[in-house]
Amino acid sequence: MTTTSSLADTRATTAVRLSRGTVPGSPVRVDATDGLLAVRTVSRGAVRAEVALVATGAVLLGGDHVVVRVDVADGCALRITDVGGTVAYDGEGAACRWDVEVRLGRGARLDWAGMPLVVAGGANVVRATTVRLGAGARLVLRETVVLGRDGEHGGRVVVRSDVADDVGPVLVEEVVASGTAPVPGVLGPYRVLDTLTDVHATDELEALEESDLPGPVPGATTLRLDRGGTVTRWLGAATHLSPVERALAHHRPKPGEDG
Amino acid sequence: MPTPPPATTRSAERTAPAPGTVALLLADARLPGGGHAHSASLEPALLGGLPVDDVPAWMAGRATTVSLVEAGTAVVTAHVLTTGGAHGLDAVARAWAARTPSGALRDAARLLGRGYLRVARTLWADHHAVAAAAGLAVRHGSVPRAVVLGAVAAACGLGPADLVRLTVYDDAQTAASALLKLEPLDPLVPARWVLDACAAAEPHVARVAACTTPDDIPSSGAPLTEGWAEAHALTQQRLFRA
């Protein structure tokens, strides 16, 4: 993948690293670096933490290159919440990028129910999510992309996912959509692409126990990946109509579960 | 087009058909490879609500998305089997499966792979490339159609650009001929759409033909088509397997 120099100049990396505390019994350690997004620690437990990502200014503008790097150490669990959705504005020809790079250690977990990325008319966005799963790690990630604000066709977006573990690739996908040139079979007439990815790294090529997978979501498509794990997907007219929200409730921790 | 390496002394003594002739054979619906039971996702699309008027745009969309995943898989398979590179066929099949998130579409491709493998093992029985695809089928219990196509390309010396075009054409023609069984239409109308779909893929041919490793294989998805495929796999009211 090549990055044009104009984009590289405006790279701003936000990083979150979660690791065990140095003293036994102390809470997990959260190391954060703020970029175009700032990291706010919401809570910390023995192995879990929750952080919020807050935009520090207007994002995404043409030429912006947001990088969010997330690293969760062995046996730790991180929950990320977005404080607001993101609008990719008309860049008047300038492209922008939103790269998420996730590294999960052995048995680590990341839950990230992202808020929608709205691709305004004239915007040209590449959103790339790269995930490397340690043995037994689990990722639950919601990504919602909306073509256009209300009454608008929306710009162009490339949504890339690249999830792999030590064995090899788990999910590799690129969806290209444009509000002004809809393609039947890709998004067709719909402007919302709502995706809940639930993947689990395995030491061996064994599929997950059925009971570990979320049940099918009525009205959404559940794709069962070859290596185990699911992609639950809904295409529709407006985010508030999406049944993926219900699937997500399934994954929220019950009170008292957080340690 | 490069001359195919002789597989064995015996076959080298025979006059080999030109690779282009083999491509014609593979693209011919009269070849009993099992393709007649498939609609290249067209029946699922129509059942899912795709208007017939949108079929040509849908075909062009396929030719530039999911067909290129298949084509890239075939190209890398042929490359691996021709050069004996570090990446084995298992890695190619795994890359394909990671790029094919719909279980219904993986099942359909593996069913087609079985039919194609029967053709390949009969026609190129002595060739190591076909034996490698057959070996993969034994290890994994199945082999996707694109891997068998790549093995045949390696066996007969079909070049990567023509292999991409063959894959795209076969997919488009499968949809077009299925359409005639599903909708009353002048049979020459979808023939135009096949050519238009192949033309839409043409700007991508060089890029896909240049793929050499499993990571290079395109991953362009079509979420709506994948959703229709999953729904279709559960219905009894269908003419085609997928």
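Residues numbered from 1 in each chain as written. Chains lettered and ligands numbered in written order. Predicted model: local features only at pLDDT ≥ 70, side-chain atom pairs only at ≥ 80, totals over all residues. Heavy atoms only, no water.

A closer look at the interface of chain A and chain B
Taken together, the contacts link 26 residues of chain A with 27 residues of chain B. In this assembly, chain A packs against chain B so that about 1,900 Å² is buried in total across both faces, 63% of it on carbon and sulfur atoms. Per-residue buried area on chain A facing chain B is highest for Val-172, Pro-184 and Asp-226 of chain A; these three make up 28% of the total on that side. Taken together, the links from chain A to chain B amount to three salt bridges. A salt bridge links Asp-226 of chain A to Arg-110 of chain B; the shortest N-O distance between them is 3.2 Å. Linking chain A with chain B are ten residue pairs in polar contact (both at pLDDT 80 or more), by the criterion used here. Of all the secondary-structure elements, those providing two or more residues to the side of chain A that touches chain B are strand S14 (169-178), strand S16 (221-224) and strand S17 (230-236) of chain A. In terms of residues, the side of chain A that touches chain B owes the most to one element, S14 of chain A, which gives seven residues. (Contact = heavy atoms within 4.5 Å. Buried area = accessible area lost by both parts, 1.4 Å probe. Salt bridge = Lys/Arg side-chain N within 4 Å of Asp/Glu carboxyl O. Polar contact = N/O pair within 3.5 Å; in protein donor to acceptor, adjacent residues only side chain to side chain. Helix = DSSP H or I, 4+ residues; strand = E, 2+ residues; numbered from the N terminus.)

Focus on the sheet that holds S14 of chain A
Residues and elements named next belong to chain A. On the basis of which strands lie adjacent, the open sheet formed by seven strands has the order S2-S1-S5-S8-S11-S13-S14 and mixed pairing. In this open sheet, the two edge strands, each paired with only one partner strand, are strand S2 (29-33) and S14. On average, adjacent strands in this sheet sit at an angle of 5 degrees to one another, irrespective of strand direction. (Pairing = 2+ DSSP bridges. Axes fitted to C-alpha atoms, helices over the stretch in contact; angles between N-to-C directions.)

Description of the packing of aromatic side chains
Two numbers describe a pair of aromatic rings. These are the distance of the centres and the angle of the planes. Across all of its chains, the model carries zero aromatic pairs over all chains by this definition. Over the face of the ring belonging to Tyr-116 of chain B we find Arg-145 of chain B, whose NZ or CZ atom lies 5.6 Å from the ring centre. (Phe/Tyr/Trp six-rings, centres within 6.5 Å; stacked < 30°, edge-to-face > 60°. Lys NZ or Arg CZ within 6 Å of the ring centre and 35° of its normal.)

Considerations on helix H11 (residues 188-209) of chain B
Residue and element names in this part refer to chain B. In this model H11 runs 30 Å from its N-terminal to its C-terminal C-alpha over 22 residues, within 8% of the 32 Å that 1.5 Å per residue would give. Along H11, the positions that sit buried rather than exposed are Pro-190, Trp-193, Val-194, Ala-197, Cys-198, Ala-201, Val-205, Val-208 and Ala-209. Those residues of H11 hidden inside the fold are in contact with helix H4 (55-63), helix H5 (66-83) and helix H10 (160-182). (Expected span 1.5 Å × (residues − 1). Buried < 20%, exposed > 50% of the residue type's maximum accessible area, 1.4 Å probe, protein only.)

A few points about the pattern of salt bridges
Counted under the stated rule, the structure contains 25 salt bridges over all chains. The salt bridge involving Asp-226 of chain A is made with Arg-106 of chain B; its shortest N-O contact spans 3.1 Å. Residue Asp-226 of chain A is found in the loop between S16 and S17, and its partner Arg-106 of chain B is found in helix H7 (residues 103-123); the two belong to separate chains. When its relative accessible area of 34% is taken as the criterion, Asp-226 of chain A is described as partly exposed. On the basis of relative accessible area, Arg-106 of chain B is assigned to the buried category, the value being 5%. With a shortest N-O distance of 3.4 Å, Asp-196 of chain B and Arg-192 of chain B are connected by a salt bridge. Of this pair, Asp-196 of chain B and Arg-192 of chain B are both found in helix H11, four residues apart, which corresponds to roughly one turn of the helix. For Asp-196 of chain B, a relative accessible area of 39% translates into the label partly exposed. The structure contains a network of salt bridges with shared partners spanning Arg-142, Asp-194 and Glu-245 of chain A.

Treat this as a map of the structure, not an account of what it does.
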